[in-house]
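# Inside the fold
So you can see what is in the structure, the chains are spelled out below.
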Amino acid sequence: MRLLLLLLLITGLSTPVLRAQSAPPDTARGRYHRPLFQQVKVRRNVEFAQVSGLLGQTQPLYLDFYEPAGDTVRRRPLVLLAHEGAFVTGTRDDAVMTELCTRLARLGYTAASIDYRLLFFPFDSVGIGRAAIRATQDMRAAVRFFRHDAATARRFRLDGRYIFVGGSSAGAFMALQTAYLDKAAEVPVYLNLAALGGLEGSGGHAGYSSRPRGVINLCGALAQASWLGPGDVPLLSIHGTRDGIVPYNRGLIGGPLPAQVVAGSAVLRRRASVVGVPNVLRPLRGAGHVPYSFEPTYLDSVFVPMRDFLRPLLGAGAPGPLLAAALNPRRTAQATALLPRRRVELRLPEIQPGTSGPDSAELLPNYSHPALPAAVPPTGAAPLK
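Being a predicted model, the structure only gives us computed values, none of them experimental.

What follows deals with the side chain of Gln137. Its location among the elements puts Gln137 in helix 3 (residues 125-151). Among the residues examined, Gln137 registers a relative accessible area of 2% and is labelled buried. Of note is the side chain of Gln137, whose polar atom sits 3.0 Å from the backbone oxygen of Leu196. Non-local contacts of Gln137, meaning those with residues more than four positions away in its chain, are made with Arg117, Leu196, Gly197, Gly198, Leu199, Glu200 and Gly201.

Written as structure tokens, this is what we have:
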């Protein structure tokens, strides 16, 4: 009898803890939908992996981590983003990535903008294909880095179940491959995947999953739409219908390189719908490649669909059914160009003296975005003043 009572006592004490650990993020009072936080804290130069560079040298990879200042929530979702640049150029302080990460943090998310390996040789289709694999390995390494932290030191106070990946152009290729290129046999033999370190690469924290909860594809594509299969994670695609660099439909990509056929966002939507993967496509009618990088009025047409795509996926259970239940078919068919445009300014935050060292932190200035509702104190936030 005493043993039975002891077991019941232990069970009773442990059940709330287990329930607390398995509870989904709290979306009460508009968190993750409205800009409830006035300030954003940025931890810069966080090393997340060490990999082999183009010439075989050890290359550290860094990210900048954004979080709402004054937030007291202990486990928060993360959106991991990668910049554009054709696998040749770009950095994690890209203006668009900085703006998106800042806006996400003001909603209550954590966000990270990552660097990844650039450049390739020879300058041909095989070279860029291998560069895309290496960059995807780096994004997977970043996901594993954060999952490891969520399970151990918890420096970033994340919920490892709610990690999303996304990117623009080359960064979108990485995010799509991170989610949907999940079989070594799908990689063309001529890329020599084994020599590159396999799908996961050697960026550390082996044993932790790199599978995201959802994908944000900004003007990207996949080499094969068939990589999308039943049971895959939900997809949001935002793409200019007149993109002359990465095709909106099926088309050639490569510029001066030998061209290759890829499946753009419209093709990925059709494939996802056929195999039962919940997805949203927001076409930017008449727009070219990454228009938000040149015309800031497009930024709301990117951010608002991102916000509306992510929030339903914060519920309990598998992400696919959650998004499927939230989608309104009429709204899904609405062209992004019909969304009201509001001019916004893309601006890089000034780094204060003494904040440029490894893993340093800074506060971004107070900000209230005109396109979104006024701020009110969220659950788990310090009162706004």
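Now that the structure has been shown, we can carry on.
Let's shift gears to the packing of aromatic side chains. The way to describe two aromatic rings as a pair is by their centre distance and the angle between their planes. The tally for this structure, following the rule as stated, stands at seven aromatic pairs. Judged by centre distance (5.9 Å) and plane angle (35°), the ring pair of Phe65 and Phe146 falls under tilted. Of this pair, Phe65 sits in strand 2 (residues 58-68) while Phe146 sits in helix 3, placing them 81 residues apart in sequence. With respect to burial, Phe65 and Phe146 carry one shared label: buried. Pairing Phe87 with Tyr116 gives two aromatic rings, centres 6.4 Å apart and planes at 70°, and the pair type is edge-to-face. Placement of Phe87 in the loop between strand 3 (76-82) and helix 2 (95-107) and of Tyr116 in the loop between strand 4 (110-114) and helix 3 is noted, with a sequence separation of 29 residues between them. Residue Phe87 shares its accessibility class with Tyr116, and that shared class is buried. One aromatic cluster is present, built from ring pairs that chain together Phe65, Phe145, Phe146 and Phe156.

Our focus in this paragraph is the pattern of salt bridges. Overall, the coordinates contain 15 salt bridges when judged by the stated rule. Between Arg76 and Asp71 there is a salt bridge, and its shortest N-O distance comes to 3.2 Å. The burial state of Arg76 is the same as that of Asp71; both residues are buried. Between Asp300 and Arg103 there is a salt bridge, with the nearest N and O atoms lying 2.8 Å from each other. On the criterion of sequence distance, the pair formed by Asp300 in helix 7 (residues 299-310) and Arg103 in helix 2 is long-range, its members being 197 residues apart. If you follow the salt bridges from partner to partner, you end up with Arg31, Arg43, Glu67, Asp71 and Arg76 in one network.

Before going further, it helps to examine helix 7. Residues lying three or four places apart along an α-helix face the same way, a consequence of the helix completing one turn every 3.6 residues. Between the first and last C-alpha of helix 7 there are 17 Å, a value that for twelve residues agrees with the 16 Å anticipated at 1.5 Å per step. In terms of burial, helix 7 is a largely internal element, eleven of the twelve residues being buried. All of the buried residues in helix 7 are Leu299, Asp300, Ser301, Val302, Phe303, Val304, Pro305, Met306, Arg307, Phe309 and Leu310.

Next up on the list: the environment of Thr136. Tracing the backbone shows Thr136 in helix 3. In this structure, Thr136 is in contact with Met174, Gln177 and Thr178, ignoring residues within four places of it in sequence. Among the polar contacts listed, one links the side chain of Thr136 to the backbone oxygen of Ala132, at a separation of 2.7 Å.

Looking now at the nonpolar core. In terms of nonpolar packing, the biggest core is built from 59 residues, with Phe146 and Tyr180 touching the most fellow members. A per-element tally of this core places helix 3 first, with eleven residues.

What counts and how
Here the residue numbering is sequential within each chain, running from 1 through the sequence in written order. With pLDDT at 70 or above as the cut-off, local features in this predicted model cover only qualifying residues; side-chain atom pairs require 80 or more to be listed or tallied, and sums for whole chains, interfaces and linings still use all residues. Excluding hydrogens and water, the side-chain figures rest on all heavy atoms present in the structure. Runs of E in the DSSP output that reach at least two residues are strands. Runs of H or I that reach at least four are helices, and both are numbered from the N terminus. Buried residues are those whose accessible area, probed at 1.4 Å on protein chains only, stays under 20% of the maximum for their type, while exposed residues exceed 50% and partly exposed ones sit between those limits. Polar contact criterion, stated in full: a pair of N or O atoms within 3.5 Å, where within protein one must be able to donate a hydrogen and the other to accept it, and residues adjacent in sequence count only if both atoms are side-chain atoms. In this analysis, two residues are considered to be in contact whenever any of their non-hydrogen atoms come within 4.5 Å of each other. Any two rings among Phe, Tyr and Trp, with Trp reduced to its six-membered ring, count as a pair given centres within 6.5 Å; such a pair is stacked if its planes are under 30 degrees apart, edge-to-face if over 60, and tilted if neither. The term salt bridge refers to a pairing of a side-chain nitrogen on Lys or Arg with a carboxyl oxygen on Asp or Glu at a separation within 4 Å. Expected helix span is taken as 1.5 Å per residue step, with the number of steps being one fewer than the number of residues. Here, nonpolar core means buried Ala, Val, Leu, Ile, Met, Phe, Trp, Tyr and Cys residues that are tied together by side-chain atoms lying within 4.5 Å of each other.

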